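Chain residues, written in single-letter form:
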Amino acid sequence: MFQIFSVKKTINFLRHAAPISILSMFIVLASLGSLATKGINWGLDFTGGTVVELEFSNPVDLNNFREKLVTPTTDGAVVQNFGSSRDVLVRLPVREEVKSDDQVDGVMVAAQSIDSSVVQKRVEFVGPQVGKELAEQGGLAVLVALICILIYVSFRFEWRLAAGSVAALAHDVIVTLGIFSVLQLEFDLTVLAGLLTVVGYSLNDTIVVYDRIRENFLKIRKGSSEEVVNTSITQTMSRTVITTGTTLITVTALFLKGGTMIHGFATALLLGIIVGTYSSIYVASYLAIKLGINREHMMPVEIEKEGADQQSMMP
């Protein structure tokens with residue numbers, strides 16, 4: 001494999017693992033506290049509402065447009081550029097006393113007061129019941145993904161490693177959600193897709209490290225579990241730097257230039273990749289060590305041959 005740098009000595013990644021793990025626990029608890037007190041800023045995909053996409057003939061002043069939308073029918077509208085400075089997306093929350101059609105009419109009146117040639121390109125309505133079902137099914141999708149991963153890694157490796165990988169995945173999801181909660185970033189379907197992508201990405205990184213740990217437990221006859229894990233992480237570090245670095249370049253480009261529609265997706269990916277790379281070492285691997293993983297757990301199971309307990313007929 002291509003190596004961007006060669007490390008002759010094994011790096012002691014786990015030297016400060018204990019205080020870093022305590023810091024991780026604090027971050028997870030803080031994230032859970034924020035989720036319990038501040039909650040999540042659910043997007044219209046989950047709360048329901050109306051989305052109107054407009055195309056103006058010239059770049060539009062969003063602050064001026066927002067002031068025009070402070071009316072009884074369009075109050076609470078969220079206005080954002082969509083693609084270019086001439087394209088605008090208006091999100092309207094569900095209001096029991098106001099019909100969706102009246103909200104759309106109110107948006108068009110406000111838009112035409114700024115630009116008489118404005119074009120209505122798209123109108124979408126998501127009912128509150130549909131949004132509630134999407135939120136439930138989204139949470140269920142993440143939970144099922146974690147359970148399937150636990151079963152797969154237990155079958156593929158060993159239950160101590162499976163527990164470490166699932167703990168790392170849960171850590172990544174909770175911390176990412178916690179940051180969204182603290183900053184009150186909008187959580188829509190693209191963010192949910194980003195979270196599921198983070199689960200897959202983080203697992204891939206953990207499996208690569210676990211594969212090398214298993215190989216080294218069989219190769220290295222002497223040495224503690226910590227030394228074997230440090231050796232394995234050092235050997236995979238070049239691959240981790242290349243993979244994470246190139247992925248971060250792509251995701252950062254999406255974050256900066258991807259536009260409003262995928263900004264939440266890019267934000268979730270950016271946070272999840274950074275947290276996931278860190279958790280592969282200080283959550284997944286360190287927890288497996290604390291659960292007592294050692295060389296004996298990696299040895300292949302000996303299959304007892306039929307008749308092996310009987311005396312040989314040959315002299």
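Since the structure is predicted, the reported quantities are computational estimates derived from the model, not experimental observations.

Asks: For the domain arrangement of the chain, give the residues involved together with the corresponding values.
Replies: For the chain, the assigned domains read domain 1 (14-41 + 131-296) and domain 2 (49-126). Taking the mean C-alpha position of each, domain 1 and domain 2 sit 39 Å from one another. Between domain 1 and domain 2, the residue contacts involve four residues of the former and six residues of the latter. Buried surface at the junction of domain 1 and domain 2, both sides included, amounts to about 470 Å², of which 57% is carbon and sulfur.

Asks: Tell me about the confidence of the model for the chain, and name the residues and values.
Replies: Chain-level pLDDT for the chain is 81 on average; 90% of the residues reach the 70-or-more range. Put simply, helix H10 (residues 295-298) is where the chain has its lowest mean pLDDT, 73, and helix H1 (residues 17-37) is where it has its highest, 90.

Asks: Account for the nonpolar core, with residues named and values stated.
Replies: Nonpolar side chains in soluble globular proteins tend to end up buried together. Counting residues in hydrophobic clusters, the biggest one holds 41 residues, and the most contacted among them are Leu14, Val153, Leu161, Phe187 and Ile293. Of all elements in the fold, only helix H5 (128-156), helix H6 (159-183), helix H7 (189-219), helix H8 (225-257) and helix H9 (263-290) reach the threshold of two or more residues within this core. Of all the elements, H7 adds the most residues to this core, at 10 residues. Leucine 14 has contacts with Glu226, Val229, Asn230, Ile281, Tyr286 and Ile289, leaving out every residue within four places of it along the chain. One finds Phe56, Leu69, Val79 and Val118 within the second-largest nonpolar core, a separate group that totals 17 residues.

Asks: Can you tell me about the packing of aromatic side chains, naming the residues and giving the values?
Replies: Tallied over the entire structure, the rule returns four aromatic pairs. For the pair phenylalanine 56 and phenylalanine 65, a centre-to-centre distance of 5.6 Å together with 80° between the ring planes defines the contact as edge-to-face. On the basis of relative accessibility, which here comes to 0%, the residue phenylalanine 65 falls in the buried class. Consider the rings of phenylalanine 180 and phenylalanine 187, whose centres lie 6.3 Å apart with planes at 80°: the pair is edge-to-face. This pair shows no difference in class: phenylalanine 180 is buried, exactly as phenylalanine 187 is. Among the aromatic residues, those joined into a cluster by ring pairs are Trp42, Phe180 and Phe187.

Calculation notes
Residues numbered from 1 in each chain as written. Predicted model: local features only at pLDDT ≥ 70, side-chain atom pairs only at ≥ 80, totals over all residues. Heavy atoms only, no water. Domains from an automatic or database assignment. Contact = heavy atoms within 4.5 Å. Buried area = accessible area lost by both parts, 1.4 Å probe. pLDDT = per-residue confidence, 0-100. Helix = DSSP H or I, 4+ residues; strand = E, 2+ residues; numbered from the N terminus. Core = buried A, V, L, I, M, F, W, Y, C linked by side-chain atoms within 4.5 Å. Buried < 20%, exposed > 50% of the residue type's maximum accessible area, 1.4 Å probe, protein only. Phe/Tyr/Trp six-rings, centres within 6.5 Å; stacked < 30°, edge-to-face > 60°.

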